[in-house]
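# Structural characterization, general
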Amino acid sequence: MKKGQGITVLKIGGSVITDKGKNEGAARYEEIERIAREISEFDTGLVIVHGAGSFGHPQAKRYELNGKFDPRGSIITHLSVKDLNKLVVSYLNDAGVNAIGIHPMNCVVSDDARIKSMFLAHIQEMIDRGFVPVLHGDVVMDERLGTSVLSGDQIVPYLAFKLKAERIGIGSAAEGVLDGSGKTIGRITPDNFDQIKQFISGSANTDVTGGMLGKVLELLNLSESSNITSYIFNAGQAGNVSGFLSGEDIGTAISKAEY
Ligand SMILES: Nc1ncnc2c1ncn2[C@@H]1O[C@H](COP(=O)(O)OP(=O)(O)OP(=O)(O)O)[C@@H](O)[C@H]1O
Ligand SMILES: C=C(C)CCOP(=O)(O)O
């Protein structure tokens with residue numbers, strides 16, 4: 001059983017559940033299965049978001065979806081991330097989690113690549129009834145751009161704010177946010193970000209959504225409008241997902257101030 005009664009929003013990074021170094025559509029089945037098992041122990045009041053990894057970034061790059069409107073490329077990319085979502089949802093159900101895939105393309109409208117509105121009533125209802133909604137990075141309709149790439153890293157704080165979540169985690173392939181000597185930074189706040197940002201960059205792999213810097217900026221932005229502490233941790237390490245879900249402080253904490 002999860003600590004506390006509130007909602008938890010957890011992102012599982014595409015660099016953990018896929019081989020992001022490979023070109024396209026390379027899933028890591030064993031990792032998906034292990035993570036599904038860890039999640040199954042703590043699946044009350046939970047929303048999962050997963051990244052696109054090699055099911056979305058190479059495609060979005062090929063069709064230049066960050067810079068131009070390409071309906072065909074948008075559809076090809078959307079169908080590919082939907083395939084990954086189907087896989088994740090299927091492993092979660094096999095592990096006993098009542099998981100349901102939710103595709104942002106079907107419930108989000110963005111404006112200039114930021115979420116403008118998202119239909120949430122079904123997500124709230126699912127949580128109340130014990131389902132686990134599973135969203136993902138996607139291509140969505142965009143009022144200004146036609147379509148835009150929407151990262152799971154933007155979905156996580158949006159949902160956390162709207163659903164008044166109690167815990168937020170972004171599990172990726174690094175121990176947390178690392179400093180210049182490879183050590184995990186304990187806490188990032190708006191006060192120390194200026195000294196730390198020199199160490200944070202995009203992804204080492206094909207990536208169209210900002211890598212580690214994108215995550216930190218999204219979570220710092222959330223810390224300005226809420227008192228939630230978020231955690232960036234290594235979901236590729238067995239036991240970390242269940243550790244986070246059981247209430248452990250893990251990896252790098254991102255918050256409004258030093259507590
Ligand atoms: N200071 C840093 N600490 C840790 N990782 C960093 C840092 N700066 C850059 N990175 C890069 O950011 C990557 C994590 O971002 P990335 O977006 O690739 O992961 P992900 O969220 O798992 O993938 P996806 O976007 O597909 O879900 C790391 O693997 C690393 O290459
Ligand atoms: C590349 C696409 C389509 C979505 C990216 O989502 P992310 O992997 O969560 O950043």
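A brief structural summary. (Residues numbered from 1 in each chain as written. Chains lettered and ligands numbered in written order. Predicted model: local features only at pLDDT ≥ 70, side-chain atom pairs only at ≥ 80, totals over all residues. Heavy atoms only, no water.)

### As for the environment of Gly176
Just so we agree on the cut-off: Only DSSP runs of H or I covering at least 4 residues are called helices, and only runs of E covering at least 2 are called strands; the numbering of each starts at the N terminus. Note on contacts: a residue pair qualifies if any of its non-hydrogen atoms lie within 4.5 Å across the two residues.
Its place among the elements puts Gly176 in the loop between strand S9 (167-172) and strand S10 (187-188). Considering only alpha carbons, one finds Gly176 and Ile250, 74 residues apart in sequence, at a separation of 8.3 Å. In this structure, Gly176 is in contact with Thr184, Met212, Ile232 and Thr252, ignoring residues within four places of it in sequence.

### Section: the sheet that holds S9
The line we're drawing: Think of it this way: DSSP has to see at least two bridges between two strands before they count as a pair.
Read from one edge to the other, the open sheet built from eight strands follows the order S3-S6-S2-S1-S9-S11-S12-S10, with strand pairing classed as mixed. Each end of this open sheet is capped by a strand with a single partner; those strands are strand S3 (99-101) and S10. With two bridges joining them, S10 and strand S12 (residues 252-254) adopt parallel strand pairing. For Ile188, the partnering residue across the bridge sits in S12 and is Ile254.

### Topic: the packing of helix H6 (residues 152-162) against helix H8 (residues 211-225)
Filter applied, for reference: For helices, the fitted line uses only the C-alpha atoms of the stretch in contact; every axis is such a line through C-alpha atoms, and the angle between N-to-C directions lies from 0 to 180 degrees. For classification purposes, angles smaller than 35 degrees are called roughly parallel, those larger than 145 roughly antiparallel, those between 65 and 115 roughly perpendicular, and all remaining angles oblique. Take the far helix as the reference: if the near one is turned anticlockwise from it by less than a right angle, the crossing is left-handed, and if turned clockwise, right-handed. Each residue is assigned to one of three groups, with Ala, Val, Leu, Ile, Met, Phe, Trp, Tyr, Cys and Pro labelled nonpolar, Asp, Glu, Lys and Arg labelled charged, and all others, Gly among them, labelled polar.
Running from N to C, H6 and H8 point in directions that differ by 15°, and their axes come no closer than 9 Å. Looking at the two axes, H6 sits roughly parallel to H8. Crossing hand, H6 versus H8: right-handed. Residue-level contacts link Asp153, Gln154, Pro157, Ala160 and Phe161 of H6 to Gly211, Lys215, Glu218, Leu222 and Ser225 of H8. Counted by class, the contact of H6 with H8 contains four nonpolar, three polar and three charged residues.

Remember that the coordinates give geometry; whether it matters functionally is a separate question.
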